[in-house]
Structures are given as C-alpha cells and as structure tokens.
Amino acid sequence: MKPHLLLPGVLAPLLLIGACSDLPLVLDPHGSNAQQTARIAWVLFGGGAIIFVLVAMLAAFAVFAPVAGRAWLRHPRFVVVAGIVFPIVALSALLVYTLAVSGELARSRVAAPLRIAVTGETWWWRVRYLDARGETVLETANEMHIPVGQAVELSLDTADVLHSFWVPSLSGKLDMIPGRVNVLRLTADTPGTYRGQCAEFCGAQHAKMAFHVVAREGPDFDLWLAARRMPAAAPQTPDPEQGMTLFIAHCAACHTVRGTPAAGRLGPDLTHVGSRLTLAAGTLPNNAGTFAGWIAGSQHIKPGNRMPSFDRFSGEELVALAEWLESLR
Amino acid sequence: MTATSPPSPTSLPSPLPRPADELARLEAAWTPPRGWKLLTAVNNTYIGIFYIATAFVFFIAAGILALLMRIQLAVPENTFLDQGTYNQMFTMHGTVMMFLFAVPVVEAIGVLLLPNMLGARDLPFPRLSAYAFWAYLIGGVVFFGSIFFGNAPDGGWFMNPPLTSYRYSPGANADWWLLGIGFIEISAIAGAIEIIVGILRTRAPGMSLDKLPIYAWAMLVFAFMIVFAFPAVILATMLLELERAFHWPFFIAELGGDALLWQHLFWFFGHPEVYIIFLPAAGMVSLIVPTMAQTPLVAYRLIVLALAGTGLLSFGLWVHHMFATGIPPLSLSFFAAASMAVTIPSGIQFFAWIATMATGRVQLKTPALFVLGFLAVFLIGGLTGVMVAVVPFDWQVHDTYFIVAHLHYVLFGGMVFPLFAAFYYWTPFLSRQQLSERLGRWVFGLIFVGFNVAFFPMHITGLAGMPRRVYTYSAGLGWDSLNLVSTVGAFLIAAGVAVFLIDVARNFRLDVTNNAGNVWGAGTLEWLPTGNYSVRSIPLITSHEPLWDQPGLAADVEAGRYYLPGTATGRRETLLTSALDAKPQYLLQLPGPGWTPFFAAAGTAAFFLLLTVKLVVPAILGGVLAIVMMLWWMWGSDPGPNHAPVDIGGGITVPVYVTGPASHSWWAMVTLLLVSGMLFGSLVFSYLYLWTVSPRVWPAGGAGIPAPVFPLLAAALLALSSAAIAYASRALRTTVGAGHRGHTMVRISLLAALPLLVAALGVELYGQWQAGLRPTASSYGAVVYTLSALQGQFVLVLLIMGGYTLARSWCGLLDGQRRATFDNTMLLWHYAVAQGLVALLLIHGFPRTFG
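Please read these numbers as outputs of a predicted model, since none were measured by experiment.

Procedures and definitions
- Residues numbered from 1 in each chain as written.
- Chains lettered and ligands numbered in written order.
- Predicted model: local features only at pLDDT ≥ 70, side-chain atom pairs only at ≥ 80, totals over all residues.
- Buried ≥ 20, exposed ≤ 12 C-beta atoms within 10 Å, placed from the backbone.
- Helix = DSSP H or I, 4+ residues; strand = E, 2+ residues; numbered from the N terminus.
- Pairing = 2+ DSSP bridges.
- pLDDT = per-residue confidence, 0-100.
- Contact = placed C-beta atoms within 7 Å.
- Axes fitted to C-alpha atoms, helices over the stretch in contact; angles between N-to-C directions.
- Parallel < 35°, antiparallel > 145°, perpendicular 65-115°, else oblique.
- Left-handed = near helix turned anticlockwise from the far one by under 90°.
- Nonpolar A, V, L, I, M, F, W, Y, C, P; charged D, E, K, R; others polar.
- Core = buried A, V, L, I, M, F, W, Y, C linked by C-beta atoms within 7 Å.

S.K.: Which residues make up the pairing of strand S2 (residues 124-130) of chain A, and what are the values?
M.R.: All names here are of chain A. Of all the seven residues making up S2, five are buried; the element is thus mostly covered by neighbouring parts of the structure. In this sheet, S2 lies alongside strand S1 (residues 114-121) in antiparallel orientation, the contact comprising seven bridges. Residue Arg 115 lies in a different strand from S2, and its bridge partner there is Leu 130. The loop that links S1 with its antiparallel partner S2 comprises two residues. Pairing of S2 with strand S3 (residues 136-141) involves five bridges; the strand directions are antiparallel. Opposite Val 127, over in S3, you have Thr 140 as the bridge partner. The hairpin turn running from S2 into S3, its antiparallel successor, is five residues long, and Gly 134 in that turn takes a positive phi close to 90°.

In structure tokens:
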C-alpha cells in the first residue's frame, strides 16, 4: 500500500470531525441508552482504527519492504495467526465486553412510572400518555415531553406501514410493526430538546417525519402535563369566532381540539397546537405565518401527505384560522 | 512450488504429426454465427461477453441514478427531484445494482472464464447460458424502462410489506419488482446450475479438486449459495404477489399475517447475497495476486476452507438486518456472535493475499492497484461490519447513512474494485491489445479517491442522525457540508468510470483467437493459446499453476499433443470428467448455434412482464412460446449412443453418451431438486412461522380440518403415481430398440401416473374447500392453499414433462439405453411426490397435533 493512498482513509475522518463544531449526535449522548452506546462506539472506532493502521502497514510492508525483511510474512503460519487466532481473540473480547454492557442495561430495568404510547402514522407521530391502567390521559402529536432522570416506557406501534422510532441523542432505534407493540425504555439525563426522525422507509414522505423529545426537570414536567391535560384555553385572537367556526366546519372531521366540538381522529390532535415546536412532524417552524402556509399548501410543502391543501380559504379566513390555532396553547 | 513431474514429451497422449484437416474440422464445428445471427450464439465466450457488457450497462445506468440522487442531496431542501421520483430512484439503484449488475456480472465472468480456466471447450449446457442471458437482458431492459414512465418500484430494494402490499402500493410499481426480479432470479439459478455442473464435471484430466484454481472454488461456493439462498426470496416474492393480486393475507397482521415473515425470508436470501457478490470477487483477487507477485498463492487449502466457511456461516446471520425489530435479546446475541465469526474467513483470505505479496515481488500495474485499493476499502467495510454486529451500536446506526457507507465499502470495495482489477487483468485474454496502463492509473486514482470522498463522510452523516432513503433534509442539522462532499466524491467516481470507457473504446478489440495473450505471465489455463473452441487439445494437469510448472504446456496444447486434439464426432463436444479426481468419463456432444434459447427467453420474459401489466392472454401466449421452444431444444438433447466410443488419445476411449448418476443431466436435475427443496422448505418455514405468530387463526383441536379420508386418499394417489413411475423405469430397462413389449408397459404406466398426480392435488383442494377454508380469510388459509399451489406448479411441469416423455416413447426415441429424458422426469416425479406427502403431513398432521 502506498502511504499516500492511506491518507484519505486516515485523515478524512479527523478532518471531518474537526470540521464539525459539535460531535455527531450519536457520540454526544444525553440519555442512558445513548451513553452506553457512545461508550461502545468509541471502543469500536478506536479498535477499528488501530486494526486498520496495523493491517495497512502490513500490506505496505509486504509490497515495499526489502525482500529479505519480509520473509516472516511468507509462511502459512502467519495466515493462521493473523487471520484466525487474532480475530478469534479480538472478537471474543469484543463480544464479552458488549454483552456485559448490554446485560448491565437489562438488569437495571425497573418499572417505569411514566408510560407513553407512540403510534407511527404516515407521516406523523400520535403520542398518548397512559395511566396505570393503560388509559389515555393525554393525546398529542409529534412532540413528547418527559421528565429528566426518570425512566420512560414507550409502547411503539403503527397505524399503517413500518416505521422506526429513533432519537439518537437518547437511544437507539426500535421498529414499529403492525400487529406488535415494541417497548423501548429510555431516560434523558439532561434537560433539552432532542430531535428524532423515522428511520424505516415508510413511503412518499418518509423524509418529513420528524419529532422532538423535550426533557424537562421533574416539577416542570408535572406542570406541563397538567396544563396539557386541560382543554384548549379560551382564544385571545382578534376574531376568535371566525377561526373556530372555520375549524369546526372544515377541519373537525380529521382533527380534535378538546373543549370544542372538533373530535376527528384521523389527523393529529391539535388541542394546544400553538405551543408545539414545529408543524407537520418537524417540517416547519410553528408560527401563524407557517401555519397559514401549511393549511393552504400542505400538498406543496409535504406532497402526498394525507391532508389536502385548503386553498379555497380567502386570505382573511386563512389568517383567522391560523391565528386561532396558534392561540391554542 | 508443488510441481510434480509433467509427462515427458514422448508420452504425451496424442502423437505428432496431427492429421492435416484436424484443426480445420475443429474450427468448422466451432464456427461462431455472424451478423444478426449472433442472436443464435450459444458459445460461452460470446454469451459471456454479451452478458458482461449488459451488466456493465446496468452498472452505468444505476450509477447515473445515484448521481441524480447525489445532486438532490447536495444541498438541503433541494427540489431537483420530487419525492416520488427519488423514491423510485433509490429503489431502482439498489435493485439494479444487486440483481441486474452484481450477480449477473460475476456469473457472466464465470461463464466467460471457467471453461478456459478448467480446460473445457464450453460449459455443459451452452443453451441454458444463452437462455439465462437473453431472459436477463429482455427482463432487465423492460424492468429498468419502468422508471422512464414514472412507474418503477418505489418501496425500497427490500420491498418491505405492508408498504408494498395492495393497500399502500396499489399501482403496478411493486408488481414490476416482484415479477421482474422474481424472473431474473430464475435466470440466476439457471446460471448457477450451469456453473456447478461445469466446475464439477468438465475439468481437464488431472485437475483434481485440490488443483482447482481458487477462482473456480469461489464460483462453486457462489453457485451453491445461489441454489440455497435465492429460493427464499423467490418464495417471498410469490407470497407478496399472491397477497397483492388475490388478497391472500400473508403479511397483514389483522388476518394473522406478519410483516416480519417477509423480512425473515428476504434477509435469509439478502445476507448470503452479500457473499454471493463478494466470493467471486475474492476468487478473482486470488488469481490476480499470485500473477502480480509472480508466486503461487500462500495457504491454498486454508482459503478453500475459508470460502466454504463463508458460504455456510452466511446463512446463519440474516437476523442482523433485523436487530431493531424488537427480537428478544438472547437470539440477538447469537446472531451478533455469528456476524462477528463470519469475518474470520475473510481475514484468512486477507492475510493469505498479504503473505503472497510478501513472498513475491508485486508489479504495481493497474490490476495490482485495484487489488490494493480493494484491500484498503474492504478492510474498512469489514471493520464497520464488526461494529454493526454489536447490537446496541447497530440500534443507533441501523437505517442511517452509516450503513450506506458500510455497505458501499463492502460491496463497492469488495466487488467493484476487484471487478475493475479483473477488467484490466483479463482484457488481454479477450482483446488484441491490453488496456492502457496510463489511463488505468487515472481510472484507479479517480475511483479510489472519489469513492472515499463520497462514502467516508457518510459514516459521520449517519452518526449525526441522518436516516437512509430520505429525499431531502432540513438545513442546520449538521448534515449540509457532509452531503456536499459526498456529492463531489460521487462525481469523481463517475469521472473514473468515464475514463475507463474511453480506455475500452480506444484499446479493447475483441478477438479471442488472436488475443494479446499471457502478458502478465500468469499460471492458469485460460492463458493457453485459445480459439472459439477454447484449447486445441485438452491438457493433463499436474499443478495449481500449470503454465508455470509444466514446461512447454502451451506449445504442446496448441500443437494438439494432449487429449481430444480435434473433434471426434464432427460436432462441438467437451470432455466430461469425474467430480473429485477429474478422470475422463465420457464425451459430451454440445449443441451449436440455435434460435430456441432466444425465443424461449423472449417467451418467458413476455409471460412475466405482460402479467405485470395484467395482459393475461398475451402473457399466456408468451408462456406457451417459451415451453414450445424449450421442448424443441430438449428434443435434440438426448441423442442416445449415436456414435461409437471415441479415442481421445493416450489410449483412453470414452463413450459419447451415458445415463444415470454419472451423466451431467442427472447432476443438473439433482441441483434443481435442491432448489425446489429450498423453495418448499421456505414455505414450510413460513407455515410454522405464521403459526408461532398467530396460532389464533389455526384450527383449534382439529376442528375445521378436512376429514382424514381426504389426506389419506391424496397420499395414496401420490404413492401410486410414484409406484407407476418406478414400474415404468423397470420396464424401460428391459427395452432395446423399438417394438419391444416393455414400451407398452412404459407408456401405460406413464399414462396412469399423470392423472393420479392431478387427482391427489384435486382431492386435497376439494377437501379444504368443502371444509370451508378460504385463502383470503386468514394467513392460515393462505398458506395452506399456497402449499397446494406450489404442488400445482410441480404437477403442471410434470404434466408437460410426462407428455413429452410419452411423445419421445411414441417416436421411438426412448429405450433402455437412451433414457436420460425419462430419468429426469422420474427424478422430478419422485421429488414432487415426496414434497406432496410432506405437505399433506404438515397440513393435516400439524393442526391435529398442536392445534
């Protein structure tokens, strides 16, 4: 191997990691699962880099070293030691290490006080907070708030095709499969907002199926949960009547806003939608302008999604509707 | 070096001088068709070159799709491609690279090189190769064409239901994949059977298995892996197409189906597929490295063990593609360990190549550069492969760009780099001049640098959270510059491929007879002087590298001093030898050019492709055309002992026709039965798997199962039909020539056996139907009827083969000696009966026992 051929392999990762101001999400964990994985990842990268350099040096030596100096490489015994003995030793050590670390995690599982059901839908996330009996106490969408330092048990299922639930900062992914409920336990260690995204190809808008997990301190989380369990607050927009009337007339077949007659189940529950970070499963920032744009051009922004573009509203109607929705906090 | 003393010049098998017209007669028998009649060519050299060229065109086409995708992803929120187009493109990129490029190209190189490398004149079933090629070409072009109509598959190359089933993919897109790819897989299996029988039975005398070139070993393991792996995905595509077309619910959870059944079947094929692509490439490297270093390969036996070990182990780790599906931790640990273990055989080969390079002195010519590039890139792919075998790490990187990087390091590194090495290495075997060393360095440099620039950053993109198969992404997630760099790298690769095409256009001049010859000083037989007939005379082999260890071999072979220095029967022929020690057994007469393979392939393609667009009647006409053409070509392929045994030189006289277990057709049929057994086994697995998932849809305590009289009657009918065939076989043994009384007994037995087989199937179907079972009601109903449907396919084939055998009997083409046709029908018959009995036992015994 020519030394200059090694450069791309060895230098590129260093340059690239240097170029990124932050570590990639997987290596910058904020939850117990992710922390464990990050530890394993560094072991893997370190070991991999060492083996790569050693083998590349061997190959370079085999090609370029003086003929006399490389005689020891010629024997089948070298193949046995380097190709059989070394991998068996290294891989056994790796297997024992990873199984030990995984076992540690399995043993640490205690009953999680907070249970949340997450259902993958094309192409958004239905989120339901459950009580001890498994009844829904709060339904929301595309956003999940959890208490810091507390194990959360997520029951993952799907309403249609395969999806996969993944928040790299907190945990590895787990698939959502029709007819099954997969359970993922995760804990956030630090308060913050963590982005997640569907990781299993699920059709046209697989790319625009993101969500956020917001980790809050315990008391803060309790306040949040209590507030969200209330019906939508009385609107304070200039023309609340018009916005709400339009919503009931055009949107209630698919959407719920608790506290109003709108009780549709097909689309996301929009009670408190004004307080969410994003619209359309992480596709747009959330403000009255983007909301109006989404209502009028949902098929333009996220083509193929289940919500038709409501381009029949006048500009004034659109503003009223969007402002009313934004006021739902 | 392991040379044993070569035969002394005086003891060479065929004495000089050779008869004046011997060479001319040999050339006449092997004259290739010209002009538009090239469509009738069946010779392995021609088919091999057509095959490689076609596969390379698909490589470029799928590469262009990749470039378009890289343009789309170069910047965030790009609108160059819409989501529908992008989803079709990534699906087609993966599908075409896997099914229309990688597997066909390695099979094609096998078809091209193996006969010469083994010292054979051709593979044993030239028309089968031609058929496989034409089916692949027609099917592949139509399949690829679907993208120009916006109608291409868009569910990913893995085609996971429920997304790809009728509810979420109502259009024809998914059907193109299921029918188009299903049928290209059949073509791959045809090629695999050809390669297995070719390697085991057409080697030059003396080339015992322990002298087989490593490449041929790799191709043997490769072909057996196709035989064992492809049936699983063929069954999966059958099940999904049944679900899409007739709503038989295999994958629908509400009706007792399970989406994970698809994933098990698909990855049971899909993981071995990686090694199916890699092993032939590793085999090529094992020939190129010794030549470039001018020294024999170190640790030959260990490498053979490693190839076989890879083949076996690769069937035990499909679940590592499913770590994130929620499978229990204990089974995950098993598959993690198995996934790590499979790196050991690769390690053995790796260090054997290094040891070989250390032993000799590597000339850094273009093939050697590509081999070194392969070592570096594949090593990284192997290391990341160990990483993703670690379950928690895989949970993070699964379905992200880390995996995109990993799989390209493995597949592009493990297969495309060796392929370019092979192009540069073997061009002098095919062309009047070799490819340019100067351009070759550019090709290597651009591809190597471009590859690493494109794919290395993807490891980090994946760790930064970017999932696979997204048509766009938001700005500000830390993915922007990484993606831009990857796009630049992709275009560097494309530039390298473009330079390669220029090199080919400037320097490749196809001419097998006056090829550039052994420019590298290689030691294997394909570098002997060659013509369309392969070697002038078939050498006696005494070492791994005969051209190095047997002085004067090339000249003696060319002078006709070895075995079979001409054509003994005046036709194309090749020498059949024993599987282990390559002792001459008989002379196989090979067919010359003909139209039947082309039209049979066109008919087969028409059948599958027209079904996709629901043109049922034309599709059936295509199917009939295919069957008629196949029967036509079969008609002449069982000549009987039409020529006295021939002297091939050295005092060896061999017959020109044999039947029974020594014959090549028996071996091919047994291999086909292995394929059939795997197909049936996959269906039995599906039955049992669905039961473990949804026992609720299985009949409880035997209720709702047909009364025992039905399966018992069906089993009796099956047994009787097998008995009738066995009786016919005995009766046939006594017959010599026409007019014997035994002929009547053979015909009566065959005529009786056919309806018995049909009746057994009818009884089973009637029993299920009258018991109230419907295939659309539940996964249980679906799988029970599918067991009968599979049996029905065998019955249909046997009706045709049985009728054909009868026709040959009536025409006086079947007797106690000329019975290869009957033997093949008999083997398939007994197999089908056994399969039917096992199916009955499963369908009727299992619910009664465990219900």
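On we go.
S.K.: If you had to explain the environment of His 300 of chain A to someone new, which residues and values would you point to?
M.R.: Residues and elements named next belong to chain A. Along the chain, the position of His 300 falls in helix H6 (residues 288-301). On the basis of neighbour counts, which here come to 11 C-beta atoms within 10 Å, the residue His 300 falls in the exposed class. Counting along the chain gives 173 residues from His 300 to Val 127, while the straight-line C-alpha distance between them is 26 Å.

S.K.: For the confidence of the model for chain A, give the residues involved together with the corresponding values.
M.R.: For chain A, per-residue confidence averages 90 on the pLDDT scale, and residues scoring 70 or more make up 89% of the total. Considering only residues more than four positions removed or in separate chains, one finds that residues 1-7 of chain A, a stretch of pLDDT under 50, has twelve contacts.

S.K.: A description of the confidence of the model for chain B should follow, citing residues and the corresponding values.
M.R.: Residues and elements named next belong to chain B. Confidence along chain B averages 94 in pLDDT terms, with 98% of residues attaining 70 or more. Contacts from residues 1-6, a stretch scored under 50 in pLDDT, to residues over four places away or in other chains number twelve contacts. If you check the scores for this complex, the pTM reads 0.95 and the ipTM reads 0.94.

S.K.: Quick one: what's the story with the sheet that holds S3 of chain A, residue by residue and with numbers?
M.R.: Residues and elements named next belong to chain A. Taken in spatial order, the five strands make up an open sheet running S3-S2-S1-S5-S8, and their pairing is mixed. Because the sheet does not close on itself, it has two edges, and the strands there are S3 and strand S8 (182-186). The sheet shows a mean angle of 25° between the axes of neighbouring strands, direction not considered. Strand contacts of helix H4 (residues 218-229): S2 and S3, with the helix running at about 90° to S3, the strand carrying the most contacts.

S.K.: Please set out the sheet that holds strand S10 (residues 210-216) of chain A residue by residue, giving values where relevant.
M.R.: Residues and elements named next belong to chain A. Spatial ordering of the open sheet is given by S4-S10-S9, a layout of three strands whose pairing is mixed. Looking at strand neighbours, the two that pair on one side only are strand S4 (143-147) and strand S9 (192-197), the edges of this open sheet. When strand polarity is set aside, the average angle formed by the axes of neighbouring strands in this sheet is 25°. The pairing of S4 with S10 spans five bridges and is classified as parallel. Bridged to His 145 within S10 is Val 214. In this fold H4 packs onto S4 and S10, with an angle of close to 135° to the strand it touches most, S4.

S.K.: Break down unusual backbone geometry for me, citing the residues and quoting the values.
M.R.: Between Leu 16 of chain B and the following residue, Pro 17 of chain B, the backbone shows a cis peptide bond with an omega angle of -5°. Considering the arrangement of structural elements, one finds Pro 17 of chain B in the segment before helix H1 (22-29). Between Pro 161 of chain B and the following residue, Pro 162 of chain B, the backbone shows a cis peptide bond with an omega angle of 5°. You can see Pro 162 of chain B is positioned in the loop between helix H4 (126-145) and helix H5 (173-201). Despite not being glycine, Ala 280 of chain A has its phi angle at roughly 55°, a positive value. Mapped onto the elements of the fold, Ala 280 of chain A is located in the loop between strand S11 (278-279) and strand S12 (284-285).

S.K.: Report on the packing of helix H7 (residues 259-293) of chain B against helix H11 (residues 366-389) of chain B, specifying residues and quantitative values.
M.R.: Residues and elements named next belong to chain B. The contact between H7 and H11 brings their axes to 10 Å, and the two run at 125°. Comparing their axes, H11 and H7 come out oblique. With respect to the hand of their crossing, H7 and H11 are arranged in left-handed fashion. Where H7 abuts H11, its residues Val 285, Ile 288, Val 289 and Met 292 lie against Pro 367, Ala 368, Val 371 and Phe 374. Its residues assigned to classes, the contact of H7 with H11 comprises eight nonpolar, no polar and no charged.

S.K.: If you had to explain the nonpolar core to someone new, which residues and values would you point to?
M.R.: Grouped together as the largest cluster of nonpolar side chains are 399 residues, with contacts concentrated most on Ala 352, Ile 354 and Ala 421 of chain B. With near-sequence residues (within four places) excluded, Ala 352 of chain B lies in contact with Val 79 and Gly 83 of chain A together with Leu 297, Val 298, Ala 299, Leu 302 and Ile 303 of chain B.

S.K.: With reference to specific residues and values, describe the interface of chain A and chain B.
M.R.: Each partner contributes residues to the interface: chain A has 74 residues there, and chain B has 73 residues. Secondary-structure elements contributing two or more residues to the side of chain A that touches chain B are helix H1 (3-19), helix H2 (32-64), helix H3 (76-107), strand S7 (171-176) and S9 of chain A. For the side of chain A that touches chain B, the per-class residue count stands at 49 nonpolar, 16 polar and nine charged.

S.K.: I'd like a rundown of the environment of Val 658 of chain B, residues and numbers included.
M.R.: Residues and elements named next belong to chain B. By secondary structure assignment, the location of Val 658 is in the loop between strand S4 (652-654) and helix H20 (664-693). Given 20 C-beta atoms within a 10 Å radius, Val 658 is considered buried. Each C-alpha atom, one on Val 658 and one on Ala 820, is 8.2 Å from the other, the two residues being 162 residues apart in sequence.

S.K.: Describe in detail the packing of helix H13 (residues 401-430) of chain B against helix H14 (residues 437-463) of chain B, supporting the description with residues and values.
M.R.: Residue and element names in this part refer to chain B. At their nearest, the axes of H13 and H14 sit 8 Å apart, and the two run at 170° to each other. In terms of orientation, H13 and H14 fall into the roughly antiparallel class. As H13 packs across H14, the resulting crossing turns out to be left-handed. Counted together, Tyr 401, Phe 402, Ile 403, Val 404, Ala 405, His 408, Tyr 409, Phe 412, Phe 420 and Tyr 424 of H13 and Gly 440, Val 443, Ile 447, Phe 451, Phe 455, Phe 456, Met 458, His 459, Thr 461, Gly 462 and Leu 463 of H14 form the full contact between these two elements. Of the residues assigned to the contact of H13 with H14, the class counts are 16 nonpolar, five polar and no charged.

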